[in-house]
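# Structural overview for review
Spelled out, the chains give:
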Amino acid sequence: MFTDAIEIAVAAVGLGLVVLSARQARTKGWAASLQLAAGGFLLMGAAAVGIVGFVVGLVFSPLAWVGVGMLALAGVLFAGGQKLEGRGSGAVAESGPAPKGAVDPAPKRQPKGSKGSAADPELDDIEAILRRHGIE
């Protein structure tokens, strides 16, 4: 009974928006009028299909609010676990071996004039190509 009254009220508001859009078509323009009419038809359709009744049933149901509370608690617990996991993994990562493919944040540089044999062979190839093109 209560749900039916709310559905009728929502449908009436939607009908009011459609009528208002037809009256404002000349003053505000056709684009705004069509958008307002779409909103009105959306409200009327939601009332006719039963979406409004479904939402009203959720809003006024104590069991639904218990479910919402449980979902909120689950979200808080998950976020807290993520935060604790993030804190613990930083210390382990620093003390453990570097993962495969990790980039050294401060690579060791050789003095400008020295061309050591410990240099990467790929870098030697690149330096040779640059020298051929006159770039030092």
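Refer to the structure above for everything that follows.
A brief structural summary.

Rules used in this analysis
- Just so you know, the residues in each chain are numbered from 1, in the order the chain's sequence is written.
- Predicted model: local features are reported for residues with pLDDT of at least 70 only, side-chain atom pairs are reported and counted for 80 or more only, and whole-chain, interface and lining totals are derived from all residues.
- By convention in this description, side-chain values take in all heavy atoms of the structure and omit both hydrogens and water.
- Per the convention used, a helix needs a DSSP run of H or I reaching at least four residues, while a strand needs a run of E reaching at least two, with both numbered from the N terminus.
- In this description, contact between two residues means that some pair of their heavy atoms is separated by no more than 4.5 Å.
- Residues forming no salt bridge and having over 30% relative accessible area are the ones grouped into patches, like charges within 9 Å of each other and nonpolar side chains (Val, Leu, Ile, Met, Phe, Trp, Tyr) within 5 Å.
- To measure how exposed things are, a 1.4 Å probe is used in the Shrake-Rupley method; for residues, cover is taken only from the protein chains shown.
- Criterion for a salt bridge: a side-chain nitrogen of Lys or Arg within 4 Å of a carboxyl oxygen of Asp or Glu.
- Only four residue types enter the tally: Lys and Arg on the positive side, Asp and Glu on the negative side; His and the chain ends are excluded.
- Where a charge lies is defined by one atom per residue type, namely NZ (Lys), CZ (Arg), CG (Asp) and CD (Glu).
- For the exposure calls, accessible area comes from a 1.4 Å probe over protein chains only, and a residue counts as buried if that area is under 20% of its type's maximum, exposed if over 50%, partly exposed in between.
- The term polar contact refers here to a pair of N or O atoms within 3.5 Å; inside protein, the definition further demands a hydrogen-donor-capable atom paired with an acceptor-capable atom, and it admits residues adjacent in sequence only when both atoms are side-chain atoms.
- Helices are assigned an expected span. That span is 1.5 Å times one less than the residue count.
- Arc definition: it is the arc formed by the directions from the helix axis to the C-beta atoms.
- Between N-to-C directions, angles span 0 to 180 degrees; the directions come from axes that are lines fitted to C-alpha atoms, helices contributing only their stretch in contact.
- Roughly parallel covers angles under 35 degrees, roughly antiparallel covers those over 145, roughly perpendicular covers 65 to 115, and oblique covers all other angles.
- In this scheme the crossing of two helices becomes right-handed for a clockwise turn of the near helix relative to the far one and left-handed for an anticlockwise turn of less than a right angle.

## Here's the deal with the side chain of Ser33
Along the chain, Ser33 falls in helix 3 (residues 30-49). For Ser33, the residues in contact, after removing those within four places along its chain, are Ser21, Ala22 and Ala25.

## What about a negative patch on the surface?
A surface patch of negative charge is lined by Asp120, Glu122, Asp124 and Asp125. Looking at the element boundaries, Asp120 is found in the loop between helix 5 (62-95) and helix 6 (121-132).

## Focus: the side chain of Glu7
Structurally, Glu7 can be placed in helix 1 (residues 2-23). Buried and without a salt bridge, Glu7 has Arg23 as its closest oppositely charged side chain, separated by 27 Å. A polar side-chain atom of Glu7 sits 3.1 Å from the main-chain amide nitrogen of Gly53. Ignoring anything within four residues of it in the chain, the contact list for Glu7 reads Ala47, Gly50, Val52 and Gly53.

## Brief notes about helix 1
Taking 1.5 Å per residue, 22 residues should reach 32 Å; helix 1 reaches 32 Å between its end C-alpha atoms and fits that length. Three or more residues of helix 1 are buried, namely Glu7, Val10, Gly14, Val18 and Ser21. Seen end-on, helix 1 carries its buried residues on one side only, within an arc spanning 85°. Exposed positions of helix 1 whose direction lies more than 90 degrees from the buried face are Phe2, Ile8 and Arg23.

## Quick look at the packing of helix 1 against helix 3
It is at 7 Å that the axes of helix 1 and helix 3 come closest, and there the two elements cross at 160°. Here helix 3 runs roughly antiparallel to helix 1, going by the angle between their axes. Considering the relative orientation of helix 1 and helix 3, their crossing is left-handed. Facing helix 1, whose interface residues are Glu7, Val10, Ala11, Val13, Gly14, Leu15, Leu17, Val18, Leu20, Ser21 and Ala22, helix 3 presents Ser33, Leu36, Ala37, Gly39, Gly40, Phe41, Leu43, Met44 and Ala47.

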